[in-house]
Amino acid sequence: DNGLMGYELALNGFSRQTTDDFLAGANWGWRDFAPTPEGDALLEVQAFDPACVVVAPEKDSAEWHIPGGLCNRLIKGAGLDSQRFTLVGRTFWLRFHPNGDAKAPDGRCSAFLFSEADHEDVLGYEVSLKGQTRGGCDRFEVRDNWGWHDFAEACTTGEAVTLSLRAWVPNQTS
């Protein structure tokens, strides 16, 4: 079956982790994963089901709970994608880099909102994490995203984290 899956791949102490939509029979990996092993090699893989996004009954907000222990295992640049969910008639997903994406300052996390639609639309949105809220009102083009390389303090402890999203169509706010 096709679907969203997360996994961590490790080779002799070097590891990388990702979440992505996998098609049946497809593969995913890194060409520059680790130095070439000399002698015996230990290859380990751990798969996980990304946490579900919970959509509020009013259908204008959602929360993504990321289990404890997952964030502090990711290196800078590694990210997690949420499952797809629907708010205000649009399909969204969140991408979260607990230790920042490649453009983030050291010690900061990154968060991005993706909109999957077959038409352009102006949307209002707010993303919250660790007491920080950022947002805007922007034109989302087909399969567009908005976000922040420098969203909040990096998530380096083993605690669970929650990203919250509120979305609205301007002039139709509740």
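Residues numbered from 1 in each chain as written. Predicted model: local features only at pLDDT ≥ 70, side-chain atom pairs only at ≥ 80, totals over all residues. Heavy atoms only, no water.

## A few points about the overall build of the chain
Of the regular secondary structure elements, the chain holds zero helices and 13 strands. Secondary structure elements in the chain, listed N-terminal to C-terminal, are β-β-β-β-β-β-β-β-β-β-β-β-β. Computed over the C-alpha atoms, the radius of gyration of the chain is 17 Å, within 12% of the 16 Å expected from 2.2 N^0.38 for a compact globule of 174 residues. With the C-alpha coordinates aligned to their principal axes, the bounding extent of the chain is approximately 65 × 35 × 25 Å. (Helix = DSSP H or I, 4+ residues; strand = E, 2+ residues; numbered from the N terminus. Rg over C-alpha atoms; globule rule 2.2 N^0.38 Å.)

## Some thoughts on the side chain of Asp138
Secondary-structure assignment places Asp138 in strand E11 (residues 132-140). In this structure the side chain of Asp138 is engaged in a polar contact, spanning 2.5 Å, whose partner is the side chain of Tyr125. The contacts of Asp138, once residues within four sequence positions are left out, are Asp121, Val122, Leu123, Tyr125 and Trp146. (Polar contact = N/O pair within 3.5 Å; in protein donor to acceptor, adjacent residues only side chain to side chain. Contact = heavy atoms within 4.5 Å.)

## Considerations on the nonpolar core
Core analysis: the largest hydrophobic core is formed by 30 residues, its most contacted members being Ile66, Phe92, Phe96, Phe151, Leu163 and Leu165. Counting only elements with at least two residues in this core, the list comes to strand E5 (61-66), strand E7 (85-87), strand E8 (90-97), strand E9 (108-116), strand E10 (121-129), strand E12 (145-153) and strand E13 (161-168). Excluding residues that lie within four positions of it along the chain, Leu163 makes contacts with Ala62, Glu63, Trp64, Ile66, Leu94, Phe96, Ala111, Val127, Ser128 and Leu129. One finds Tyr7, Leu9, Phe22 and Phe33 within the second-largest nonpolar core, a separate group that totals five residues. (Core = buried A, V, L, I, M, F, W, Y, C linked by side-chain atoms within 4.5 Å. Buried < 20%, exposed > 50% of the residue type's maximum accessible area, 1.4 Å probe, protein only.)

## Side note on the pairing of E11
Two strands pair when backbone bridges link them, and E10 and E11 are joined in this way by nine bridges, in the antiparallel orientation. Bridging from a neighbouring strand, Asp121 pairs with Phe140 of E11. The loop that links E10 with its antiparallel partner E11 comprises two residues; one of these, Lys130, has a positive phi angle of about 50 degrees. (Pairing = 2+ DSSP bridges.)

## Considering the packing of aromatic side chains
Summed over the entire model, instances satisfying the criterion amount to seven aromatic pairs. Following the ring pairs from residue to residue traces out a cluster consisting of Tyr125, Phe140, Trp146, Trp148 and Phe151. For the cation-ring pair, Arg84 lies above Trp93, with the distance from its terminal atom to the ring centre recorded as 3.8 Å. Directly above the aromatic system of Phe151 lies the positively charged group of Arg134, at a separation of 5.5 Å from the ring centroid. (Phe/Tyr/Trp six-rings, centres within 6.5 Å; stacked < 30°, edge-to-face > 60°. Lys NZ or Arg CZ within 6 Å of the ring centre and 35° of its normal.)

In short, shape yes, function no, at least from these values alone.
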